[in-house]
Amino acid sequence: MKIVITCKLPNEAIESLLETYEVVMWEVENEPMPRKRLLEEIQDADGLFTNVADQIDKDLLAHANCLKVISTMAVGYDNIDLEEARKKGIVVGHTPGVLTEATADLTFALLMASGRRLVEGMDIIRQNKWKSWAPFFLTGQEINRKTIGIIGLGRIGLGVARRAKGFSMEVLYHNRSRNEEVEKEHDAKYCELDELLERSDYVVLLAPSTKDTYKMMGRDQFIRMKNSAVFINTSRGTNVDEDALYEALNSGEIFAAGLDVFDSEPIHSNHRILQLRNVTVLPHIGSAAIETRMAMARLASENLRNGLEGRPLVHQVK
Ligand SMILES: NC(=O)c1ccc[n+]([C@@H]2O[C@H](COP(=O)([O-])OP(=O)(O)OC[C@H]3O[C@@H](n4cnc5c(N)ncnc54)[C@H](O)[C@@H]3O)[C@@H](O)[C@H]2O)c1
Ligand SMILES: O=C(O)[C@H](O)CO
């Protein structure tokens, strides 16, 4: 059987695939397999090892003549046309859980960096603009004992809530439904979205990208937030109306934002949101810790192999 791997991975993460199948792996570091090549390779592939940088859409799947399994090295699968895959009898696997702690760490790092203006401070030193210690120079927002509102209290959201408790923060959350067990265990309070936005000092978005969450953070939502509030997005860029976020940051409607994800990735360096002083940006590196990426690659390999051998996937997208 032939499998296509759309990114360069270390051999030790995909040993079992290399031993068993004919493997076509894209060998260029930090770049996805070009679409044209993927369209060619997919035609006779039995398995596809992909990630969030590829669009596994209807057009691509129309070229797949014998594809049985799509395995993405990610928890999010919004880049895959699940309906089309289902119609063609292709099973889809993903990698939840193994990236939870690394992504929660990065989310909290972004929260702290944005609230306390860390990157601005570094820029000032690098540009030789640091004049002296001054009472209100680079003052940011307190974190300890503040209120955090988590939209999408799933695996990573709970990881962020646990970290927030270490900073004596009050934890509010909004989900599709209330979960009283989680509330008791994590001392988190359920709120409707509007109330969460009005009460939180830090609003953290961790819901998946779905039809319901598309641009769920727009003008009306940013207006509800406190002028001193910080917005963090480590979910998907499509969950946010970037024009509305730009306006909110530029007008002082909110204090700052920390973003690991964007509507269109990679974001271009001339995007107007990057001209703002009060935005901290990262290139979609939520899960980018070495051990985590190895665990994700191994889990994605196992999903792919199980699917090709007719066994249940470790984590199949339902
Ligand atoms: N930045 C990164 O590198 C990175 C890394 C990992 C995951 N992610 C993103 O984070 C998301 C969450 O991952 P997870 O493992 O915590 O998933 P999860 O499924 O455990 O949690 C998502 C939560 O969002 C809730 N939710 C769904 N729709 C909602 C809505 N309309 N309003 C409010 N809440 C809603 C779900 O009920 C669930 O509790 C992923 O889907 C992915 O998009 C990003
Ligand atoms: O969904 C995911 O897993 C991320 O975006 C990449 O780790």
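Residues numbered from 1 in each chain as written. Chains lettered and ligands numbered in written order. Predicted model: local features only at pLDDT ≥ 70, side-chain atom pairs only at ≥ 80, totals over all residues. Heavy atoms only, no water.

As annotated in an unreviewed UniProt entry, the chain is 2-hydroxyacid dehydrogenase from Halalkalibacter kiskunsagensis. Per UniProt, the chain has the following entry under Sequence similarities (unreviewed entry): "Belongs to the D-isomer specific 2-hydroxyacid dehydrogenase family." (UniProt positions renumbered as here; feature names shortened; annotations may be inferred.)

(A) Examining the overall build of the chain more closely. Summing up its helical and strand segments, the chain has 12 helices and 12 strands in all. In terms of overall size, the chain behaves like a compact globule, its C-alpha atoms giving a radius of gyration of 21 Å where 318 residues would be expected to give roughly 20 Å. C-alpha extents for the chain along the principal axes are approximately 65 × 50 × 35 Å. Residues classed as buried in the chain amount to 50% of the 318 residues present. Within the chain, counting contacts between residues at least 6 apart in sequence, those at least 24 apart form 59% of the total. The distance from the centre of the 39 positive side-chain charges to the centre of the 47 negative ones in the chain is 3 Å. (Helix = DSSP H or I, 4+ residues; strand = E, 2+ residues; numbered from the N terminus. Rg over C-alpha atoms; globule rule 2.2 N^0.38 Å. Buried < 20%, exposed > 50% of the residue type's maximum accessible area, 1.4 Å probe, protein only. Contact = heavy atoms within 4.5 Å. Lys, Arg positive; Asp, Glu negative; His and termini not counted. Charge placed at Lys NZ, Arg CZ, Asp CG, Glu CD.)

(B) Structural detail: the UniProt feature "domain: D-isomer specific 2-hydroxyacid dehydrogenase NAD-binding" (unreviewed entry) in the chain. Those residues carrying the UniProt feature "domain: D-isomer specific 2-hydroxyacid dehydrogenase NAD-binding" (unreviewed entry) are residues 108–286 in this numbering. The span residues 108–286 is 32% helical and 16% strand by assignment, and the distance between its end C-alpha atoms comes to 10 Å.

(C) Molecular detail of the side chain of serine 301. Looking at where serine 301 falls in the secondary structure, it is placed in helix H12 (residues 290–308). For serine 301, a relative accessible area of 2% gives the class buried. Ignoring sequence-local partners within four residues, the contact set of serine 301 consists of Ala13, Ile14, Leu17 and Phe49.

(D) Local environment of helix H11 (residues 242–251). Residues of H11 that are buried: Glu242, Ala244, Leu245, Tyr246, Ala248 and Leu249. In this structure aspartate 241 caps H11, since a side-chain oxygen of it lies 3.1 Å from the backbone nitrogen of aspartate 243. A positive phi of about 80 degrees marks glycine 252, the residue just after H11. (Polar contact = N/O pair within 3.5 Å; in protein donor to acceptor, adjacent residues only side chain to side chain.)

(E) Broad picture of the packing of helix H5 (residues 100–115) against helix H7 (residues 155–165). Between H5 and H7, the shortest axis-to-axis distance is 8 Å and the interhelical angle comes to 55 degrees. Our classification of the angle between H5 and H7 gives oblique. In the packing of H5 onto H7, the handedness of the crossing is right-handed. Touching Thr100, Glu101, Thr103, Ala104, Asp105, Thr107 and Phe108 of H5 are Arg155, Ile156, Gly159, Val160, Arg162, Arg163 and Ala164, all from H7. (Axes fitted to C-alpha atoms, helices over the stretch in contact; angles between N-to-C directions. Parallel < 35°, antiparallel > 145°, perpendicular 65-115°, else oblique. Left-handed = near helix turned anticlockwise from the far one by under 90°.)

(F) Representation of the site of ligand 1. For ligand 1, the set of nearby residues contains 23 residues, the closest of which are Arg155, Ile156, Arg176, Thr234 and Asp260. Arginine 176 places a side-chain nitrogen or oxygen 3.0 Å from an oxygen atom of ligand 1. Histidine 284 has a polar side-chain atom sitting 3.5 Å from an oxygen atom of ligand 1. Burial of ligand 1 by the surrounding chains reaches 88%, relative to a free accessible area of 870 Å². The class makeup of the residues in the shell around ligand 1 is eight nonpolar, 11 polar and four charged. (Near = heavy atom within 4 Å. Areas by Shrake-Rupley, 256 points an atom, 1.4 Å probe, with all protein chains shown as cover. Nonpolar A, V, L, I, M, F, W, Y, C, P; charged D, E, K, R; others polar.)

(G) View of the packing of aromatic side chains. Counting across every chain of the model gives three aromatic pairs. The interplanar angle of 35 degrees and the centroid separation of 5.0 Å between the aromatic rings of phenylalanine 108 and phenylalanine 167 together place this pair among those described as tilted. Taken together, the positions of phenylalanine 108 in helix H5 and phenylalanine 167 in the loop between H7 and strand E7 (170–174) put the pair 59 residues apart, joining distant regions of the chain. Residue phenylalanine 108 is classed as buried on the basis of its relative accessible area, which comes to 5%. By relative accessible area, phenylalanine 167 is classed as partly exposed at 28%. (Phe/Tyr/Trp six-rings, centres within 6.5 Å; stacked < 30°, edge-to-face > 60°.)

(H) Representation of the pattern of salt bridges. According to the stated counting rule, one finds 26 salt bridges in the structure shown. With a closest N to O distance of 2.8 Å, arginine 178 and glutamate 183 form a salt bridge. Across the salt bridge formed by aspartate 243 and arginine 272, the nearest N and O atoms sit 3.3 Å from each other. In this pair, aspartate 243 is assigned in helix H11 and arginine 272 in the loop between strand E11 (256–259) and strand E12 (279–281), connecting sequence segments 29 residues apart. For arginine 272, a relative accessible area of 35% corresponds to the partly exposed category. Overlapping salt bridges bring together Lys2, Arg37, Glu41 and Asp44 as one network. (Salt bridge = Lys/Arg side-chain N within 4 Å of Asp/Glu carboxyl O.)

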